[in-house]
Structures are given as C-alpha cells and as structure tokens.
Amino acid sequence: NLVIQLEKFLGAINKPILDICRWLSISILAVMTVIILASVFFRYVLDDALPWSEEVAKYLMVWLTFIAAPLAVRAGGLVSIQALPDAFHGCKNEVLQIIIQIIVLVLMIMFIDIGIFLTKNAMIQRASSIDFSIAYVYTAMPLGAFLIIMVALQFLLEAVRRLLTNDPRPKDSDDIVDTPTAN
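This structure is a prediction, so every number in the text was calculated from the model and none was measured. (Residues numbered from 1 in each chain as written. Predicted model: local features only at pLDDT ≥ 70, side-chain atom pairs only at ≥ 80, totals over all residues. Heavy atoms only, no water.)

Draft legend 1. Region of the structure containing the packing of aromatic side chains. The full count for this structure, using the stated rule, is 3 aromatic pairs. Taken together, a centroid distance of 5.7 Å and an interplanar angle of 85° make the contact between Tyr59 and Phe132 edge-to-face. Of the two residues, Tyr59 is situated in helix α2 (residues 53-75) and Phe132 in the loop between α4 (91-121) and α5 (135-138); the sequence distance between them amounts to 73 residues. Taking the relative accessible area as the measure of exposure, Tyr59 reaches 16% and is therefore buried. (Phe/Tyr/Trp six-rings, centres within 6.5 Å; stacked < 30°, edge-to-face > 60°. Helix = DSSP H or I, 4+ residues; strand = E, 2+ residues; numbered from the N terminus. Buried < 20%, exposed > 50% of the residue type's maximum accessible area, 1.4 Å probe, protein only.)

Structure, rendered in structure tokens:
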C-alpha cells in the first residue's frame, strides 16, 4: 500500500533527524547551563559580569525551543485538549486526527513563511553584545517549523492508513511510533 510505504519512508527519514534534534537539544541545554553558571560566577564571585552571556543564553533558548519542538510533537508532549479526541473512537477519531494534522501543516507552513520574512529582515540587524547577525537566531523558526511538518506528515499518513485499513500498525513497523491519541 502506498500510504504504508510513504509512512515508513517518512519514519525512516524522521528517526535520524529527530535523533540529531535530540542531541542538539541536549548540547544546547548543556552550553546554556555552562554560560549561565559562568555568568553567575563572574558576576557574583569575581564582581565582573560577562557582557555577552545573557544575550547568548537567550539566543540559544530560541534555538532550543525550535529544535526540541519536533521532539515534543513526536512524543505527544505538547499541551492539547483531549475532550474531543476522547469523545471519538475508530474512524471518527482518525478523521479528527487527519483534520488536526492538516491544521498543524497549514500553521507550520505559515510559520515558515513568517520565519523566512523575519530572517530576511533581520539580516542587517546585529546582536548588541557580540558581533553576529540576528538572522542566525531567526533561522531557527522556519527550520523548526519544517521539522514539525515532517512529523505532522508522518502522523497524517499514519491516520490515513488507520482510516483505510482499520489496522493500528503496519507489518514491520518498528520505526513507526503511534500517533499520540487518547485511549
């Protein structure tokens, strides 16, 4: 079935990409922690604040947010209203999941469009305490939205497969994780 093949193909692409996102998130968080601890040490122990630490930590937090977002989407770790999905079962729930994923796709396409616009406009802006373009910070938005699109497409295909086959998992689906839904 074409839907199962596409779902498995996206799963094979998404898995290593999300693994990279996971390690980047861990690395960014570690770097942020070191910067913030160094900032506190310099400010309160040496009485000589690092002028760049707060700004760099904020920029890293932006990147962390957009790099970790696809992981949270994949794990079903984002805030959601479960009353509607809990009310539907079987085919009705799969149709609802398809609608939800289409909405996510549309929103993320808008995020990419806005993110590219913001990134282009930020090309001439420079960070105040370190010399680099703010466009590097804004690049996280379209990148994160694209990664969420990849996850949402896989969820969409999974919901379509479930709707068409009424089978919760395809054969040999070790690399496909279930769409987070209420039981």
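Draft legend 2. Examining the nonpolar core more closely. Counting 19 residues, the largest nonpolar core has Cys21, Val73, Leu105, Met108, Ile148, Ile149 and Val151 as its most contacted members. At the level of elements, α1 (2-45), α2, α4 and α6 (140-165) are the ones that each hand at least two residues to this core. Sort the elements by how many residues they give to this core and α6 lands first, with 9 residues. (Core = buried A, V, L, I, M, F, W, Y, C linked by side-chain atoms within 4.5 Å.)

Draft legend 3. How the structure looks around unusual backbone geometry. Of note, the phi angle at Asp47 is positive, near 55°, even though the residue is not glycine. Examined against the element boundaries, Asp47 turns out to sit in the loop between α1 and α2.

Draft legend 4. Representation of the environment of Arg162 within the structure. You can see Arg162 is positioned in helix α6. Arg162 sits in the buried class, given a relative accessible area of 12%. A sequence separation of 76 residues divides Arg162 from Asp86, and the C-alpha atoms of the two residues are 17 Å apart. In terms of polar contacts, Arg162 uses its side chain to reach the side chain of Glu158, at 2.9 Å. (Polar contact = N/O pair within 3.5 Å; in protein donor to acceptor, adjacent residues only side chain to side chain.)

Draft legend 5. Examining the pattern of salt bridges more closely. For the coordinates displayed, the defined rule picks out 5 salt bridges. Asp19 is paired through a salt bridge with Lys15; the nearest N and O atoms lie 3.4 Å apart. Taken together, the residues Asp19 and Lys15, both in helix α1 and 4 residues apart, mark about one turn of the helix. Looking at Asp19, the relative accessible area reads 28%, which means it is partly exposed. A salt bridge links Arg162 to Glu158, with the shortest nitrogen-to-oxygen separation between them at 2.9 Å. Placement of both Arg162 and Glu158 in helix α6 is noted, with a separation of 4 residues, approximately one turn of the helix. Each of the two residues, Arg162 as well as Glu158, counts as buried. (Salt bridge = Lys/Arg side-chain N within 4 Å of Asp/Glu carboxyl O.)

Interpretation in functional terms is not warranted from these geometric data alone.
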